[in-house]
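Each chain, letter by letter, is given below.
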2 protein chains.
Amino acid sequence: MPPERNRRRIPDATVSRLPVYLRILGEQADEGVDSISSERLAELAGVNAAKVRKDLSYLGSYGTRGVGYEVGYLVYQIRRELGLTHDWPVVIVGAGNLGQALAGYGGFGERGFPVAGVVDVDPAKVGTVLGGVRVRHIDELPQIVQTKRVNIGVVATPPHAAQDAAERLVAAGVTSILNFAPVVLAVPRAIEVRKVDLAVELQILSYHEQRKASLHAVPGAGAGAVSRPASA
Amino acid sequence: MPPERNRRRIPDATVSRLPVYLRILGEQADEGVDSISSERLAELAGVNAAKVRKDLSYLGSYGTRGVGYEVGYLVYQIRRELGLTHDWPVVIVGAGNLGQALAGYGGFGERGFPVAGVVDVDPAKVGTVLGGVRVRHIDELPQIVQTKRVNIGVVATPPHAAQDAAERLVAAGVTSILNFAPVVLAVPRAIEVRKVDLAVELQILSYHEQRKASLHAVPGAGAGAVSRPASA
DNA sequence: CGGGCTTTGTGAACGTGTGCACGAATGCCT
DNA sequence: AGGCATTCGTGCACACGTTCACAAAGCCCG
Ligand SMILES: NC(=O)c1ccc[n+]([C@@H]2O[C@H](COP(=O)([O-])OP(=O)(O)OC[C@H]3O[C@@H](n4cnc5c(N)ncnc54)[C@H](O)[C@@H]3O)[C@@H](O)[C@H]2O)c1
Ligand SMILES: NC(=O)c1ccc[n+]([C@@H]2O[C@H](COP(=O)([O-])OP(=O)(O)OC[C@H]3O[C@@H](n4cnc5c(N)ncnc54)[C@H](O)[C@@H]3O)[C@@H](O)[C@H]2O)c1
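*Asks:* Give me the lowdown on the packing of aromatic side chains, citing residues and values where you can.
*Replies:* All names here are of chain B. Under the counting rule described, the total for this entry stands at four aromatic pairs over all chains. Geometrically, the ring pair formed by Tyr105 and Phe108 is edge-to-face, given 5.0 Å between the ring centres and 85° between the ring planes. Classification of Tyr105 as partly exposed rests on a relative accessible area of 38%.

What follows is the structure, encoded as structure tokens:
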């Protein structure tokens, strides 16, 4: 019997890939595949095979040499490690454009993240129904979080309200936040925050586009262009 | 004239932080701040001050020792490096739940990414108007990309259609893709792809929640059944 | 039953990213 | 003018992540 239980801490980079493997393995299982090699999984996930093996090795030695991994068992182990053995209800703060799209999207419930509630400050929004859930006033947040045992909150408010939304979530007892507002949230150290910022993604793409463009550009054209800070 | 013009390659990690600095600097400028230290910028961005300085040093030596950075000038330099000196029109494929939210969101146009078009296969969607843009049939994609000089495409179709959408985008001449479908896209090497997968984000949060829960759990409980994480 | 083929699991090398610590440059004050 | 306080820019060490390469472990077949 190994002395180490779950002392193993899984590297962040690996944690962020496990969901991808999980989805692929689920698809393979649906197609009747019950054994898969690291090579094949790597191909489907768009990564290096050695990386797949190393990632999976953090879960334990669940492969069979010369054969590969048993799909069903691997799915089980990854789900277990990611804490997906039970549902994690989420609460969405902000029933605007984005909040509505999220609430109306069935994909989360399917994957174990049912929408336990949607809240908003706008009285015009309160009472409307999104994806089968009635929008409630934000003052009811603590009650929703407590009764539905919510650990994960989603911030989908305008930027200026995001910090407030986060603080309310934390006060209500939420310990993980997914933030869609383009703002850096200040929260207690114990709270896990992940940010999804579409503008940032587009700007990163812009960087690469600009880079490609400047390779084709005239190599001589240079520093003459700008010297003074013009106002933006 | 310096022999190396833009030889400097900026590390990926830095590129992904520059947009954050840029937004903060813009806000500071709006508040009338015209000089900022790495310390302060770091605080606002939620990162280490040395990291800020190192990041900015890739752009050149634009700070003044003992003083800090001139906000307006820094904004200009970052915009320049990210290729934000002109607009990058984007085309959205898929006018569903998410595509509508994206098209209706004014934030992109403001930040230099105007929606040049939205396309869909569904005849029922074609002709409707989203955020001031009429939805067009996907067959018109090449024409839109060419006439509007679109380099960046957004995939907002269901998963099973995402690869097709990506291929059409590439065929039409797009060279960067922002993918919202939970699928690994296969594209030519030269095409830049960034993925936004909300389910992955939630699963990462789930991992951390599960981890917190298992710390409070009985330390002796071994490899038996899955211990049930009670409420927090 | 042994040899050969396949594929895992992992040590080691390499590359990338982070953060400290400190010299260097600059502005301000006396 | 000189000294002092501040803040940048960066060398360096360390941590983290990726990839290669290969022995070990298993299966299959003759
Ligand atoms: N819509 C998009 O496609 C999109 C894309 C990228 C980023 N975002 C970001 O997502 C966030 C939401 O975008 P949106 O388009 O849904 O905005 P929105 O204005 O449509 O909706 C925001 C909602 O939040 C509510 N709200 C305001 N203050 C609140 C508070 N203190 N507590 C609770 N609710 C509050 C408003 O009443 C409104 O219903 C914004 O930060 C935006 O920058 C949106
Ligand atoms: N809605 C959300 O909040 C949300 C959240 C996370 C992820 N996603 C992902 O974003 C994607 C879109 O989600 P959605 O909720 O908007 O789905 P949706 O079903 O509402 O919309 C998809 C749209 O794509 C169109 N379409 C289908 N095949 C197409 C093709 N080959 N070419 C062009 N258009 C095509 C459909 O006609 C439809 O209008 C999905 O992959 C989903 O998993 C959505």
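From this point, things continue past the structure.
*Asks:* If you had to explain the protein's contact with DNA strand D to someone new, which residues and values would you point to?
*Replies:* Close to DNA strand D lie 26 residues, the nearest being Arg65 of chain A together with Ser38, Arg53, Arg65 and Tyr69 of chain B. Backbone atoms, meaning sugar plus phosphate, form 67% of the atoms of DNA strand D positioned within 4 Å of the protein. One of the side-chain nitrogen or oxygen atoms of Lys54 of chain A is found 3.1 Å away from a base oxygen of DNA strand D. Take Tyr69 of chain B: an N or O atom from its side chain is 2.6 Å from a phosphate oxygen of DNA strand D. Looking at the surface near DNA strand D, the elements that each hand over two or more residues are helix H1 (12-30) and helix H3 (49-57) of chain A together with helix H3 (49-57), strand E2 (63-64) and strand E3 (68-70) of chain B. Examining the composition of the surface near DNA strand D, we find that four residues originate from one element, H3 of chain A, more than from any other. Broken down by class, the residue content of the surface near DNA strand D amounts to seven nonpolar, ten polar and nine charged.

*Asks:* Explain the nonpolar core to me, using residue names and the numbers behind them.
*Replies:* Leu56, Ile78 and Val118 of chain A together with Leu56, Ile78 and Val118 of chain B are the most contacted members of the largest nonpolar core, which has 96 residues in total. If near-sequence neighbours (up to four positions away) are discounted, Val118 of chain A is found in contact with Ile92, Ala95, Ala103, Leu130, Val133, Arg134, Val135 and Arg136 of chain A.

*Asks:* Describe in detail the protein's contact with DNA strand C, supporting the description with residues and values.
*Replies:* Near DNA strand C you find 26 residues, and of these Ser38, Arg53 and Tyr69 of chain A together with Lys51 and Lys54 of chain B are the closest. Mapped by element, the contributors of at least two residues to the surface near DNA strand C are H3, strand E2 (63-64) and strand E3 (68-70) of chain A together with helix H1 (12-30) and H3 of chain B. Per element, the largest residue contribution to the surface near DNA strand C is four residues, and it comes from H3 of chain B. In terms of residue class, the surface near DNA strand C is built from seven nonpolar, ten polar and nine charged.

*Asks:* If you had to explain the confidence of the model for chain A to someone new, which residues and values would you point to?
*Replies:* Residue and element names in this part refer to chain A. Summary statistics for chain A give a mean pLDDT of 91 and a share of 90% for residues scoring 70 or more. Contacts from residues 1-6, a stretch scored under 50 in pLDDT, to residues over four places away or in other chains number six contacts. Note that residues 220-232 has pLDDT below 50 and, in this model, ten contacts with residues that lie over four places away or in other chains.

*Asks:* Any chance you could break down the site of ligand 1 for me, citing the residues and the numbers?
*Replies:* In the vicinity of ligand 1, 25 residues are found, and the nearest of them are Leu98, Asp120, Lys125 and Thr157 of chain A together with Tyr105 of chain B. At the site occupied by ligand 1, nearby residues are drawn from chains A and B. At 2.7 Å, a backbone N or O of Leu98 of chain A approaches an oxygen atom of ligand 1. The protein chains hide 86% of the 830 Å² of surface that ligand 1 would expose on its own. Of all the secondary-structure elements, those providing two or more residues to the shell around ligand 1 are helix H5 (97-103) and helix H8 (159-172) of chain A together with helix H5 (97-103) of chain B.

*Asks:* Account for the domain arrangement of chain A, naming residues and giving values.
*Replies:* Split by domain assignment, chain A resolves into domain 1 (12-81) and domain 2 (90-196). For domain 1 of chain A versus domain 2 of chain A, the separation of C-alpha centres amounts to 32 Å.

*Asks:* So what about H1 of chain A? Which residues, and what values?
*Replies:* Residues and elements named next belong to chain A. Helix length check: H1 (19 residues) gives 28 Å between terminal C-alpha atoms against 27 Å at 1.5 Å per residue, within 8%. Listed in full, the buried residues belonging to H1 are Thr14, Val15, Arg17, Leu18, Pro19, Val20, Tyr21, Leu22, Arg23, Ile24, Leu25 and Gln28. The positive-phi residue at the C-terminal boundary of H1 is Gly32, with phi of around 90°.

*Asks:* Please give an account of the sheet that holds strand E8 (residues 152-155) of chain A that cites residues and values.
*Replies:* Residue and element names in this part refer to chain A. Pairing is mixed across the open sheet formed by seven strands, whose spatial order is E6-E7-E5-E4-E8-E9-E10. Each edge of the open sheet carries a strand with a single partner, namely strand E6 (129-130) and strand E10 (192-195). Summarising the sheet, E8 and strand E9 (residues 176-179) pair through four bridges and their orientation is parallel. Considered in E9, the bridge of Val155 is made with Asn179.

*Asks:* Quick rundown of the packing of H1 of chain B against helix H2 (residues 38-45) of chain B? Include the residues and the values.
*Replies:* All names here are of chain B. Between H1 and H2, whose axes approach to 10 Å, the crossing angle comes to 110°. When the axes of H1 and H2 are compared, the pair comes out roughly perpendicular. Between H1 and H2, the contacting residues are Val20, Tyr21, Ile24, Leu25 and Gln28 on the first element and Leu41, Leu44 and Ala45 on the second. For the contact of H1 with H2, the class distribution of residues is seven nonpolar, one polar and no charged.

*Asks:* Help me get a handle on the pattern of salt bridges, residues and values and all.
*Replies:* Following the criterion strictly, the structure yields 16 salt bridges over all chains and no others. Salt-bridge contacts for Asp55 of chain B lead to Arg17 of chain B; the nearest nitrogen and oxygen are separated by 2.6 Å. Of this pair, Asp55 of chain B sits in helix H3 while Arg17 of chain B sits in helix H1, placing them 38 residues apart in sequence. Taken as a pair, Asp55 of chain B and Arg17 of chain B share a single burial class, namely buried. A single network of salt bridges, built from pairs that share partners, joins Asp139, Asp164 and Arg168 of chain A.

*Asks:* Before we move on, can you summarise the relation of the copies chain A and chain B with the specific residues and values?
*Replies:* Here the second copy of the chain follows from the first by a rotation about an axis and a shift along it. Mapping chain A onto chain B is achieved by rotating through 180° and translating by 0.0 Å along the same axis, at an RMSD of 0.0 Å. One copy is carried onto the other by what is essentially a two-fold rotation axis. For chain A, the residue whose C-alpha comes nearest the rotation axis is Ala101 of chain A, separated from it by 3.3 Å. Take the interface residues of chain A: 95% of them recur as interface residues in chain B, which is what a same-surface contact looks like.

Each value, and the rule that gives it
Residues numbered from 1 in each chain as written. Chains lettered and ligands numbered in written order. Predicted model: local features only at pLDDT ≥ 70, side-chain atom pairs only at ≥ 80, totals over all residues. Heavy atoms only, no water. Phe/Tyr/Trp six-rings, centres within 6.5 Å; stacked < 30°, edge-to-face > 60°. Buried < 20%, exposed > 50% of the residue type's maximum accessible area, 1.4 Å probe, protein only. Near = heavy atom within 4 Å. Polar contact = N/O pair within 3.5 Å; in protein donor to acceptor, adjacent residues only side chain to side chain. Helix = DSSP H or I, 4+ residues; strand = E, 2+ residues; numbered from the N terminus. Nonpolar A, V, L, I, M, F, W, Y, C, P; charged D, E, K, R; others polar. Core = buried A, V, L, I, M, F, W, Y, C linked by side-chain atoms within 4.5 Å. Contact = heavy atoms within 4.5 Å. pLDDT = per-residue confidence, 0-100. Areas by Shrake-Rupley, 256 points an atom, 1.4 Å probe, with all protein chains shown as cover. Domains from an automatic or database assignment. Expected span 1.5 Å × (residues − 1). Pairing = 2+ DSSP bridges. Axes fitted to C-alpha atoms, helices over the stretch in contact; angles between N-to-C directions. Parallel < 35°, antiparallel > 145°, perpendicular 65-115°, else oblique. Salt bridge = Lys/Arg side-chain N within 4 Å of Asp/Glu carboxyl O. Least-squares fit on C-alpha atoms with pLDDT ≥ 70 in both.

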